[in-house]
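Okay, here's what each chain looks like letter by letter:
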Amino acid sequence: MDLSLTRIDLLNADTTKRGCLCVLPLGKKNPGKTQKIVIGDQSGTVHCFGMKKGDVSSVFKVSMERPVSRVELGGMLDDRDKIFVAGGQMVKAWSRKGREFLKFNTNLSEEITSMHVLNDDIYTGGEFMYNQFRTCKDLHSLMANDRINDLTAIFCTPGSAEPSAVLACQDRAVRVLNGSEILYEGSVDGPVLTVTSFSSSSITVHSALSHFNTLEPSPLPGVKRVQKTTGIAEMIYGTENGIFGQLLLDDNSMRRGWEVGGRSVSALGKSAQRTGRRGGGITALTSHDLTHDGVADVIVGRDDGALQVYSFDVSSEPKLCFESSLTGSVTAAEAGLINSANFDEIVISTYSGQILSYSSEPSTQIDLTGDDGRADADDADGDETAKPSATAGLKALFKGAKKEKLADVTDKAVVAGDKKGALQKRVKAVKKEIETLQKSLEAERAKYQSSVSGEMIGVQSDVKMRDSFALSEEEASYRLQIEISKPLDFVLLQSDVPMEVLDSVRTENGEELNAVGDDLSSSTIVSRTKVGQSNLLLATYRVTDNSTRITVRLRTIEGRYGSLTAYVVPKGTPKTAQAATYQIKPLSLHRRISTLPDIAGTRPMCELRLSGSFSLSEMHSWVYLALPEVPERVGADDMSFVFASTFLGTFLVCNYKKGDALFKSDNLTTLTTLKEVIGREATQRKVQVKTAYDVKEESIASMLKLIDPMLTHQSSLAHRVALIDTLKEVEQQESDISFLDPAYVDIVHNAATIRAEFAQMPRQLDYLVGIVIDLYVDKNKFRGVNVQHRLGQLDRLLRTEYSLDAVLQFFREI
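Residues numbered from 1 in each chain as written. Predicted model: local features only at pLDDT ≥ 70, side-chain atom pairs only at ≥ 80, totals over all residues. Heavy atoms only, no water.

Caption draft 1: Molecular detail of the overall build of the protein. Helix and strand counts for the protein stand at 11 helices and 44 strands. Sequence separation of 24 or more characterises 60% of the internal contacts of the protein that already satisfy a separation of 6 or more. (Helix = DSSP H or I, 4+ residues; strand = E, 2+ residues; numbered from the N terminus. Contact = heavy atoms within 4.5 Å.)

Caption draft 2: The arrangement of the environment of Glu127 in detail. For Glu127, the position within the fold is in the loop between strand S11 (121-125) and strand S12 (129-134). Residue classification places Glu127 among the partly exposed residues on the basis of a relative accessible area of 38%. Look past the residues within four positions of Glu127 in its chain and what remains in contact with it is Glu110, Glu111, Thr113, Asp146, Arg147 and Ile148. (Buried < 20%, exposed > 50% of the residue type's maximum accessible area, 1.4 Å probe, protein only.)

Caption draft 3: Structural view of unusual backbone geometry. With phi around 60 degrees, Asn107 is a residue other than glycine that occupies positive phi space. Mapped onto the fold, Asn107 is located in the loop between strand S9 (100-105) and strand S10 (114-118). Relative accessible area serves as the criterion here: at 65%, Asn107 is assigned to the exposed category. Although it is not a glycine, Cys136 adopts a positive phi angle of roughly 65 degrees. With respect to the secondary-structure elements, Cys136 resides in the loop between S12 and strand S13 (137-143). A residue is classified by how much of its surface remains accessible, and Cys136, at 33% relative accessible area, is partly exposed.

Caption draft 4: Region of interest: the pattern of salt bridges. By the definition in use, this model includes 31 salt bridges. For Asp150, the salt bridge goes to Arg70, with nearest N and O atoms at 2.5 Å. In this pair, Asp150 is assigned in strand S14 (residues 148-154) and Arg70 in strand S6 (residues 70-76), connecting sequence segments 80 residues apart. An identical accessibility class is assigned to Asp150 and Arg70; each is buried. A single salt-bridge network, built from bridges that share partners, covers Arg172, Glu473, Arg591 and Glu629. (Salt bridge = Lys/Arg side-chain N within 4 Å of Asp/Glu carboxyl O.)

So this is what it looks like as structure tokens:
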């Protein structure tokens, strides 16, 4: 079923981080009233407020004296109304009325980035350190293998004596702890950003087990949902690459349930057949029964500004029932009774500081006068303002009231007039507030201008920036997202490695814009500079509207490594800029997977074995430099990773320990690149490394067959694009083109579609040709043969006369 929600803007705060908004439970003394909201921002302000007749009613506002990194509710399980706020290494707590009762300096070496409070325990997570405090005394701690993005605590079974901490880590792992030890862990299909308990009051027993029992029949429409009786704890998680799903926990194991946005194992290795674009990274995740069907719906907030609600309806898998796009990335999402005691709302905070809600109350019924169960304000409305409106409403009602009593009609007219008068009063108040803000702005602007002399320049910017540079697995490209607290003027990209700028960008409204400049209505203008030896990429994105967020797609070339720098300049004077640098790794288009799929067993694998006097930490640091998603820390005596290429669908298996390392791949070029990186680093450190190769000739033919569908399609596409102008000229001269070959007629009729597809990836053919040429060079390098004189011939064969048989024959020669 589709869910209809109406947006209501509440207030604006400073910029916010993830997890800095909470909705307080209903008070015991006023169970029929609305709920209060707590928000903490980067200015250090903690603000608790409610809504009365559409206006913000502050309960208290205090300062943390440092940027707020987390806001959580604490207390006993049945009374979680205490407000705990983390900033830096400090934790403070207030009651729901604003009385401070805790100020706890944890003395941690890292700043607190995630926190959970349960009973007398405070669970904190820094970048790598996890700590548990009981009554403000250190109880347990753990150094994680990779960055901790989120944490929570949960009773794995109803009979558990102690809650278990659950860590969401960057290395695609969810770890369940028992004190200071890892009880067990499970891997998912992306770096885990969020994890939370799934607070459904009732679920279909089938839905919890169907993912693991393929013999169980699917539920039919109308299946009755029953109360959960199993001793399994449910959790939901969200990942950086847009996947969220269910985890089922017990005392000694973790299992994965349903999943949304993931890629099946059978799809791995089939990169030529890509699915649709996946959503942005999941930065907010919670559950609430918005559809009132007895099952909690899943509320998802993403870093691209998308807000989604998934319900279970009659299916065991969640289905999308509501979606909206916001102007900033979502940092927190909660649900409760905010403006009305009769209608649920989703409360959202964005990075820019917008606090807004989506109400289930129909928009035609929403009024801000205190009726329909809304919270009452203490101040009374003006009767004098309402009288003229009441008279006008009375005349209108008399026309259609032949069978109604005069007293009833009079009462309705008075009520209608009161509502209209209240709305007019609110409009006047908002206009007055805008005028006051404009006067304050002009005064501050004049004060600044008078204090600035001609010799002074701005050297420090107060603009806050959030950025990410993450691999999009479905597109086999990187998505650079930049969001600042003020409107963007332009973004300059500079790189010392060649990169393909894909011809589309996204602004804060989610609209995809043509980066070439063909669309005059685009709000982003792109200019590119001819590259030189030091700048292999130089592009400027100038934003013409008031967008605060931009997303750029870039494709790297494997084997080339260096850095990408983004210079971000906001609108305003004096001009200031912020720079952010991102490392481009040699095998940048590879992603980690949990296990090697069955399809890999059908492909011949080449091997690279390294031995020498290197330590485990040294080899791990070399692998870290070459591949993405490798944890910075060594977690065991021997390390093992599996990677898949997002572009080609090939695989790489890494196993190494002290003095010995074995790498396997069905792509010889991948092993060659890895060997070059390790060899360069070992030489710099003066570490002796012996190299041994086992090259399977069958892997060369297997690789060429894997590339063949993509190369055939791109060759055909480039050929059709080259013919469009000529065929269009023929069409203008001839009124009827039916005499042409049907293939040419199809090109004329679908010229716009063909050009649009080619514009999305104009250098796709060049990229594929480069992969085949590198494979040819690497194959002959191990035979000690120099084939530089034949590369031009191979390039012509791939571009103009391509066929798989011809290329296979070319590889067999010499």
